[in-house]
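What follows is each chain in one-letter form.
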Amino acid sequence: ASLINVDFSRFALADCEKGNPIQFNPTVSETRFTASTTFSGLNFDVFTLAEKFNICDLVTAGVDDVLIMDDGSLSPGGSDPGYIMSDNPALLASLSACSVMTSTCAQYCSATGIGSGSDSDSHSTSCLRKVTVAVDLQASNNVQMYVSDGTTEFSVESTHIQNSVFADTKWTKDRFYAVALPAGDYTATFKDFAGQEVWPNYALVAMGDPPATCLVESGYTFSFTVTEPILPDMCDELVIDPFFSTNNVMETGW
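## What to know about the sheet that holds strand β14 (residues 174–181)
Consideration 1: As summarised here, the arrangement of the three strands in space is β14-β11-β17, forming an open sheet in which the pairing is antiparallel. Strands with a single pairing partner mark the edges of an open sheet, and in this sheet they are β14 and β17 (203–207). Neighbour-to-neighbour, the strand axes of the sheet open up by a mean angle of 20°, direction not taken into account.

What follows is the structure, given as C-alpha cells:
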C-alpha cells in the first residue's frame, strides 16, 4: 500500500481532536505486519507527530513489527527520509540511528544512518528490509535467534501473544522473530539461554520488500539463511511430549 501526494486537512478542528490522519485498524487475524507500505509527499494541517500518526492500537493488539518506508513526511528531524518502525528492541536490534516518535508507539530510523557502511555505500545505509522467521510455538520457549553478517552478531527475541491455551495448540500457530536489516548477507542460528544451539522443529523465512530504488541499483545484494544444527538427540522425540508430562496436555497439542 502506498500513500503518495496526499493532503490531510480539517483534522485540526475541535471535533477531530481525538482522531489521527493515519492510524491502523487493530482488528487483526495474526500479530504480524505484512503489508509493504510507503509514505511519500504527505501534508498535514496538524503539527505534532502524535497528531499525524499513531500505531498504538496495533501495539495493543500485539503487532510489534511495523516497518513503513517514508520520504521524510513524518521525520521528527524535518525532512530526512527513513523508516517508521515499531518501538520494539528486537526489530531495531541491528540499527542505531533511530529516534522516538513521541506518543506514537513508533521510532523513526533515518535512511542515512542505517547500517555500518560508509556514507558512500548507499546499499548499507538505505536499503532496509524486514525479515520474519516463524518457528514452532511449542518447541521454542526460552530461545533466541542469533543473526550474523560474518563480522558482528546480535540476538533477537521472539514474539507471541497468547490468545488462549487451547488456541495455541493449533498447528497453524507460530512464534515469530522479526528484525530489520540493511543490505548484506546474513546467517541465523537458534540458541537457548545457556548458549547451546537448538532447533525449533522448523524455521520459515519471509522477507519483506526493499525500497524499489535498491532493486535497480548495481551491486545490491541481500540474503538471509537459517542454519539448522546437527544435534545428536534431535530425532529422539518426533512427537512433542508423547508421555503427557505437562499438567494440561492441551498445552503440547494433545
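Having put the structure on the table, let's press on.
## Things to note about the side chain of Lys-52
Consideration 1: Note that Lys-52 resides in helix α1 (residues 49–52).
Consideration 2: Buried charge Lys-52 goes without a salt bridge, the closest partner of opposite sign being Glu-51 at 7.7 Å.
Consideration 3: Contact partners of Lys-52, with chain neighbours within four places excluded, come to Asn-20, Pro-21, Ile-22, Phe-44, Val-46, Phe-47 and Leu-74.

## Observations regarding the nonpolar core
Consideration 1: Core analysis: the biggest nonpolar cluster contains 23 residues, and Met-145, Val-147, Leu-181, Phe-190 and Phe-224 have the highest contact counts within it.
Consideration 2: Those elements that provide at least two residues to this core are β11 (129–136), β12 (143–148), β13 (153–156), β14, β15 (184–192) and β18 (222–226).
Consideration 3: Contact partners of Leu-181, with chain neighbours within four places excluded, come to Ser-94, Cys-127, Leu-128, Arg-129, Val-131, Val-147, Phe-154, Tyr-186, Phe-222 and Phe-224.
Consideration 4: In terms of nonpolar packing, the next biggest core, distinct from the first, is built from 19 residues, Ile-22, Val-63, Leu-74 and Met-101 among them.

## With respect to unusual backbone geometry
Consideration 1: Here Asn-5, not a glycine, exhibits a phi torsion of approximately 55°, which is positive.
Consideration 2: Among the structural elements, Asn-5 can be located in the loop between β1 (2–4) and β2 (7–8).
Consideration 3: Residue Asn-5 is classed as exposed on the basis of its relative accessible area, which comes to 63%.
Consideration 4: The phi torsion at Asn-201 lies on the positive side, around 75°, for a residue other than glycine.
Consideration 5: Structurally, Asn-201 can be placed in the loop between β16 (197–198) and β17.
Consideration 6: On the accessibility criterion, Asn-201 (43% relative accessible area) is partly exposed.

Conventions and cut-offs
- Residues numbered from 1 in each chain as written.
- Predicted model: local features only at pLDDT ≥ 70, side-chain atom pairs only at ≥ 80, totals over all residues.
- Heavy atoms only, no water.
- Pairing = 2+ DSSP bridges.
- Helix = DSSP H or I, 4+ residues; strand = E, 2+ residues; numbered from the N terminus.
- Axes fitted to C-alpha atoms, helices over the stretch in contact; angles between N-to-C directions.
- Buried < 20%, exposed > 50% of the residue type's maximum accessible area, 1.4 Å probe, protein only.
- Lys, Arg positive; Asp, Glu negative; His and termini not counted.
- Salt bridge = Lys/Arg side-chain N within 4 Å of Asp/Glu carboxyl O.
- Contact = heavy atoms within 4.5 Å.
- Core = buried A, V, L, I, M, F, W, Y, C linked by side-chain atoms within 4.5 Å.

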